[in-house]
Amino acid sequence: MKKNFLLAGLIAISAPMLASDTLFVHAPQIPLLINQADNVLFEFRMDADKGDVLNEISIEFDQETNLADIESVRLFYSGTEGVARKGTYYAPSHSYRQDFLRASLAEKGVKFTPEISDQRSLQQLKSTNRDYSIQQDEINRPASSIQLSSQQPLLKGTNYFWVSVQVKNSASLESLISARISQAQINQQPAVISGDQQTGKRRKGVAVRQAWDDGVAAFRIPGIVTTNKGTLIGCYDVRYNSSVDLQEKIDIGVSRSFDKGQTWEPMQIAMSFGETGGLPHAQNGVGDPSILVDETNNTIWIVAAWCHGMGNQRAWFNSQQGMTMDETAQLVLCKSEDDGKTWSEPINITEQVKDPSWYFLLQGPGQGITMSDGTLVFPIQFIDANKIPNAGIMYSKDHGKTWHLHNAARSNTTESQVAEIEPGALMLNMRDNRGGSRAVSITKDLGKTWTEHPSNRSALQEPICMASLIKIPAEKNCLKKDILLFSNPNTTKNRNHITIKASLDGGLTWPEEYQILLDEGEGWGYTCLTLVDEETVGIFYESSVAHMTFQKVKLRELIRP
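Residues numbered from 1 in each chain as written. Predicted model: local features only at pLDDT ≥ 70, side-chain atom pairs only at ≥ 80, totals over all residues. Heavy atoms only, no water.

Q: Give a description of the pattern of salt bridges that names residues and reports values.
A: As enumerated under the stated definition, the model contains 25 salt bridges in all. Between Asp288 and Arg239 there is a salt bridge, with the nearest N and O atoms lying 3.6 Å from each other. Of this pair, Asp288 sits in strand E18 (residues 286–294) while Arg239 sits in strand E15 (residues 232–239); the two residues are 49 residues apart in sequence, bridging distant segments of the chain. Arg239 shares its class with Asp288; the two are buried. Connected through shared salt-bridge partners, Glu174, Glu535, Lys552 and Lys554 make up one network. (Salt bridge = Lys/Arg side-chain N within 4 Å of Asp/Glu carboxyl O. Helix = DSSP H or I, 4+ residues; strand = E, 2+ residues; numbered from the N terminus. Buried < 20%, exposed > 50% of the residue type's maximum accessible area, 1.4 Å probe, protein only.)

Dropping the structure here:
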């Protein structure tokens with residue numbers, strides 16, 4: 001076993017001497033899914049000689065953890081590291097993409113999260129796990145300590161383990177789990193524990209859609225609303241064959257929740273074009289949805305882009321100038337007048353809003369809004385006659401019968417979200433292709449004219465990705481303050497660190513104390529926010545552990561005094 005030696009006679013003052021074997025621990029901030037058998041609680045690595053054994057680890061759950069929420073805790077061994085891989089990691093490298101491994105596992109009737117299926121083979125999971133189920137007498141204690149043991153012989157080099165927690169389906173999404181690794185034994189000797197002994201506050205979530213649910217390869221592009229009746233309706237791309245964008249075999253799916261996101265109805269298809277025009281389904285894809293609730297009459301609208309033909313090539317580059325379905329992508333709507341139970345046939349509004357010189361007109365995916373005067377607004381994006389992308393809005397003054405648009409807010413921008421920051425004034429928060437930060441503009445005349453917001457290109461960082469923005473008026477929330485909420489991957493590079501942020505000054509500033517990290521893992525990174533009730537915000541997003549994940553956060557926790 002490799003040791004951590006200190007020079008003879010040197011006394012460590014600020015930390016204990018690493019005289020024994022060391023367990024290097026990482027506690028990732030990722031969702032713990034209530035409807036998932038395995039969730040990563042800890043990952044850890046140790047440098048070993050052949051034949052060494054990690055005999056035991058002890059885990060303590062703290063007093064704020066409701067032990068009744070926990071079904072079981074398991075220890076998994078996940079193998080060794082390749083000698084050519086450089087850097088510090090806590091799990092083996094991904095040998096191939098999760099979708100392909102998930103496909104092979106699905107054929108065997110096995111279902112795992114992407115995090116697990118990437119890194120651990122079916123054989124390893126079967127042969128090396130140890131299951132510890134918490135007993136009733138332990139649940140009644142203020143804190144619980146459990147021991148997980150292993151007889152797994154290790155190989156020379158870096159070896160990886162991880163601890164899984166299974167959370168009961170009945171566990172509240174708003175309660176937290178916190179634990180720490182208190183001690184460990186390697187070769188029957190006490191080990192030094194280095195790194196994240198404490199998990200911090202881990203949040204629960206629901207996997208609304210995962211790869212290969214209903215035989216579908218991927219679910220992407222989340223949108224969510226709360227209807228006048230309190231129903232949550234999530235919409236998304238149903239990407240049957242792979243995760244790639246239009247043009248492909250893609251429909252618009254929806255899922256509903258009647259209990260504030262704890263459970264969800266089976267998926268239904270809200271919009272599909274099948275084999276329209278003599279072409280196969282894969283050349284009649286419809287996708288990138290945006291959803292809104294007409295708060296006047298509770299009609300729910302979904303807008304999406306329908307592509308016809310294009311030879312299964314990406315629509316962003318193959319949609320052309322013109323107006324017909326044989327030339328250019330079509331902008332289509334469907335609606336529900338029964339709280340999302342059934343959906344209308346598609347309504348084509350391309351002729352109403354598209355300029356024939358544009359190459360591609362589509363919605364800004366996510367969510368639209370109802371303004372205080374009843375006007376319906378969807379964010380849009382288009383590739384103009386010069387092949388430059390632009391973001392803007394389209395609106396309806398007659399509850400969706402006719403739609404209009406005026407001018408773009410800014411060039412070289414795409415996916416955007418809109419919020420009414422004061423009566424008649426709309427903020428458009430845009431994905432900026434220059435990278436680094438979001439573009440933000442204001443219109444007071446439904447897009448005829450635009451001005452830059454003071455926070456433009458300065459207040460909100462991004463890795464060039466879709467984001468979500470919602471306004472919560474003071475009269476609709478428990479804090480009785482006007483609140484702007486924003487979510488995205490809170491980085492400038494990769495799509496990770498999904499974070500919710502709050503602003504109390506109209507988006508001028510987004511203080512760090514008003515931010516909550518939900519998911520540090522890698523994913524596709526698209527998010528959509530909705531107010532669940534006056535105390536709670538919900539987020540529907542592409543997480544690192546499921547294609548469509550739902551989580552909730554209390555406003556009083558996000559915006560602390």
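Back to the write-up after that little detour.
Q: Let's hear about the side chain of Ser150: which residues, and what values?
A: One can find Ser150 in the loop between strand E7 (144–149) and strand E8 (157–167). At 3.0 Å, the side chain of Ser150 and the backbone nitrogen of Gln152 are in polar contact. With residues up to four places along the chain from it excluded, the contact list for Ser150 reads Val53, Leu54, Asn55, Leu75 and Phe161. (Polar contact = N/O pair within 3.5 Å; in protein donor to acceptor, adjacent residues only side chain to side chain. Contact = heavy atoms within 4.5 Å.)

Q: Break down the pairing of strand E19 (residues 299–306) for me, citing the residues and quoting the values.
A: In terms of residue burial, E19 counts as a mostly covered element, since 8 of its 8 residues are buried. Here 7 bridges tie E18 to E19, and the two strands are oriented antiparallel to one another. Bridge pairing in E19 links Ile291 to Ile302. Remark: 4 residues form the turn of the hairpin made by E18 and E19, two consecutive strands paired antiparallel; Asn298 in that turn has positive phi of roughly 65°. Pairing analysis gives 7 bridges linking E19 to strand E20 (residues 330–336), with the strands arranged antiparallel. From the neighbouring strand, Ile300 faces E20, where its bridge partner is Ser336. (Pairing = 2+ DSSP bridges.)

Q: Tell me about the packing of aromatic side chains, and please be specific about residues and values.
A: Taken as a whole and assessed by the stated rule, the structure comprises 13 aromatic pairs. Ring plane angle 85° and centroid distance 5.8 Å describe the contact between Phe219 and Tyr236, whose orientation is recorded as edge-to-face. Linking Phe219 in strand E14 (residues 218–226) with Tyr236 in strand E15, this pair joins segments that are 17 residues apart in sequence. The class for Phe219 is buried, based on a relative accessible area of 0%. Where Phe273 meets Trp306, the ring centres are 4.1 Å apart and the plane angle is 5°; that geometry is what we call stacked. With Phe273 in the loop between strand E17 (268–271) and E18 and Trp306 in strand E19, the pair connects residues that are 33 residues apart, well separated along the chain. Its relative accessible area of 6% is what places Trp306 among the buried residues. Three or more aromatic residues link up through ring pairs in this structure, and these residues are Phe219, Tyr236, Trp264, Phe540 and Phe550. Over the ring of Phe219 we find Arg209; its NZ or CZ atom is 5.1 Å from the centre of that ring. Against the face of Tyr240 rests Lys249, its NZ or CZ located 5.1 Å from the ring centre. (Phe/Tyr/Trp six-rings, centres within 6.5 Å; stacked < 30°, edge-to-face > 60°. Lys NZ or Arg CZ within 6 Å of the ring centre and 35° of its normal.)

Q: Tell me about the pairing of strand E10 (residues 179–186), and name the residues and values.
A: Here strand E4 (residues 54–61) pairs with E10 via 7 bridges, running antiparallel. By the bridge assignment, Ser58 is partnered in E10 with Gln183. Across 2 bridges, E10 lies against strand E11 (residues 189–190) in antiparallel orientation. By the bridge assignment, Gln185 is partnered in E11 with Pro190. Connecting E10 to the next strand, E11, in antiparallel fashion are 2 residues, including Asn187 with a positive phi near 55°.

Q: So what's going on with the sheet that holds E4? Residues and values would help.
A: Pairing is antiparallel in the open sheet, where 4 strands are placed in the order E7-E4-E10-E11. Each edge of the open sheet is held by one strand with a lone partner, namely E7 and E11. Where E4 lies against E7, 6 bridges are found, and the strand directions are antiparallel. Opposite Glu56, over in E7, you have Ser149 as the bridge partner.

Q: Summarise the confidence of the model for the protein; cite the residues concerned and give the values.
A: Of all residues in the protein, 88% attain a pLDDT of 70 or more, and the chain-wide mean is 89. Confidence drops under pLDDT 50 across residues 1–19; counting only partners more than four residues distant or on other chains, this segment forms 23 contacts. (pLDDT = per-residue confidence, 0-100.)

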